Amino acid sequence: MTESNNGVLVVVEMLDSQPIDLGLEMLGLARRLADSSGGTVTAVAFGTGLETTGELLSAYGADQVLINDHEIFANFHAEAWLPDLSKIVVEVAPALVLIGHSLSGTDLAPRLAYRLDVDVATGCESIDIVNGRPHMTRSCFGGLAREVVTFNKTPAVATIRSKTQEPLTQMMERVGEVQQVNSILDVNSIRTRVIKREREKADGVKLESAKIVIGGGLGLGGPEGFDTLNEIAALVDGAVGASRAACDLDWCPRSYQIGLTGRTVAPELYLAVGISGASHHMAGCGNSKTIVSINSDPDAAIFKSSSFGIVGNSQEIMPALVEEIRKLKA
Ligand SMILES: Cc1cc2nc3c(=O)[nH]c(=O)nc-3n(C[C@H](O)[C@H](O)[C@H](O)COP(=O)(O)OP(=O)(O)OC[C@H]3O[C@@H](n4cnc5c(N)ncnc54)[C@H](O)[C@@H]3O)c2cc1C
């Protein structure tokens, strides 16, 4: 592989021809890292309908944008993406490749690293350059501790958790170089076929973007508890999340899961209802500005992370809360 420069390459995931928030957050991080080490930022986007993506990603900090616009890339498929992405990384030779810690990103990153025989660090929350080397901070031991890891060689791949980085302010006057990728993909080399793809129902505000998130756990007592959470979410323009235990019991969709193996949220307000506060759960919501929790156990671990706590039965408190919010709104 060509010797790496100081650049940072960001794989920006697209949804309906628009970059997802995490892609823009990673561009902000890449810009800060590149500025501190004198490198450049390259953004790569795979998808369809990407006519304006180059300008948009430049406006969010990319010096160079590589666009792979083809029907075959309309949906994520690691096997389809890897040949072109590997070639791009070899040609651009960045020090660091940033990929979102999303479902697609956590599939793509280790495959890319394996193919290029480079190192990979997943689930990173911050990256600092120390003596010219990237130092990645991430949760370990189920969210109970943090570790700082570095790479022995470059390039290297890191996946970044959502809501851990600030995107730059969009500046359309920031102009980068936009290039189309000449795909080398041989469709016959794809060994797996996606038979069905179902988009999760997303009414209201997206979990990661919501300013108010109401999380429910086993203390809700059953799936009907989520009806009340949804009612509150609709009243306050918030979104509903859940503990893994509640998702495991099918009380709510799996996509609600917040935590180490679920989604990461950092809202202004996280209202945790009947959630014990296991480190695995807190890894996904611990950066919320204010945490308010409702739990019947005064010794529940969640209270240690909460700004405000209510000790009591959620089945009595939640209807009263809905009532109060309704009154305030009226
Ligand atoms: C590798 C690994 C990864 C994991 N990843 C995740 C993850 O991503 N997200 C996640 O959430 N978990 C994850 N877990 C599971 C995690 O460790 C906990 O088991 C889970 O978060 C517990 O969910 P809970 O708080 O809803 O349930 P519990 O721990 O059973 O807590 C229920 C709480 O409700 C309270 N309660 C009971 N009745 C009432 C009532 N009537 N009113 C009010 N409060 C009441 C109880 O006091 C208790 O505190 C993971 C575990 C492992 C091993």
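One structure accompanies this document, and this report is about it. (Residues numbered from 1 in each chain as written. Predicted model: local features only at pLDDT ≥ 70, side-chain atom pairs only at ≥ 80, totals over all residues. Heavy atoms only, no water.)

**Quick word on helix 5 (residues 225-236)**
(1) Moving on: Here helix 5 spans 17 Å end to end across twelve residues, near enough to the 16 Å set by a 1.5 Å rise per residue.
(2) Moving on: Every buried residue of helix 5 is listed here: Gly225, Phe226, Thr228, Leu229, Ile232, Ala233 and Leu235.
(3) Moving on: Just past helix 5, the residue Asp237 takes up positive phi, approximately 60°. (Helix = DSSP H or I, 4+ residues; strand = E, 2+ residues; numbered from the N terminus. Expected span 1.5 Å × (residues − 1). Buried < 20%, exposed > 50% of the residue type's maximum accessible area, 1.4 Å probe, protein only.)

**Overview of the nonpolar core**
Side chains of a nonpolar character, in soluble globular proteins, are inclined to be buried together.
(1) Moving on: Ranked by internal contacts, the top residues of the largest apolar core, which has 33 residues, are Val8, Val10, Leu27, Leu57, Leu98, Ile127 and Ile160.
(2) Moving on: Contributions of two or more residues to this core are made by strand 1 (8-11), helix 1 (21-37), strand 4 (41-47), helix 2 (53-59), strand 5 (64-69), strand 6 (96-100), strand 7 (119-130) and strand 10 (156-160).
(3) Moving on: Considering each element in turn, this core owes the most residues, eight residues, to helix 1.
(4) Moving on: Look past the residues within four positions of Leu57 in its chain and what remains in contact with it is Val12, Pro19, Leu24, Leu27, Ala43, Ala45, Ala62 and Val65.
(5) Moving on: If you look at the next biggest cluster of nonpolar residues, it comprises 26 residues, including Leu9, Val44, Trp81 and Leu185. (Core = buried A, V, L, I, M, F, W, Y, C linked by side-chain atoms within 4.5 Å. Contact = heavy atoms within 4.5 Å.)

**Description of the packing of aromatic side chains**
(1) Moving on: If you walk through the whole model with that rule in mind, you get four aromatic pairs.
(2) Moving on: Pairing Phe76 with Trp81 gives two aromatic rings, centres 5.1 Å apart and planes at 75°, and the pair type is edge-to-face. Considered together, Phe76 and Trp81 belong to a single accessibility category, that of buried residues.
(3) Moving on: Each residue in the set Phe46, Phe73, Phe76 and Trp81 is aromatic and connected to the rest through ring pairs, giving one cluster. (Phe/Tyr/Trp six-rings, centres within 6.5 Å; stacked < 30°, edge-to-face > 60°.)

**A few points about the state of the cysteines**
(1) Moving on: In total, this model carries zero disulfides according to the counting rule given.
(2) Moving on: Sulfur of Cys252: no disulfide; nearest cysteine sulfur belongs to Cys247 and is 3.8 Å away.
(3) Moving on: Given the relative accessible area of 8%, Cys252 is considered buried. (Disulfide = S-S within 2.5 Å.)

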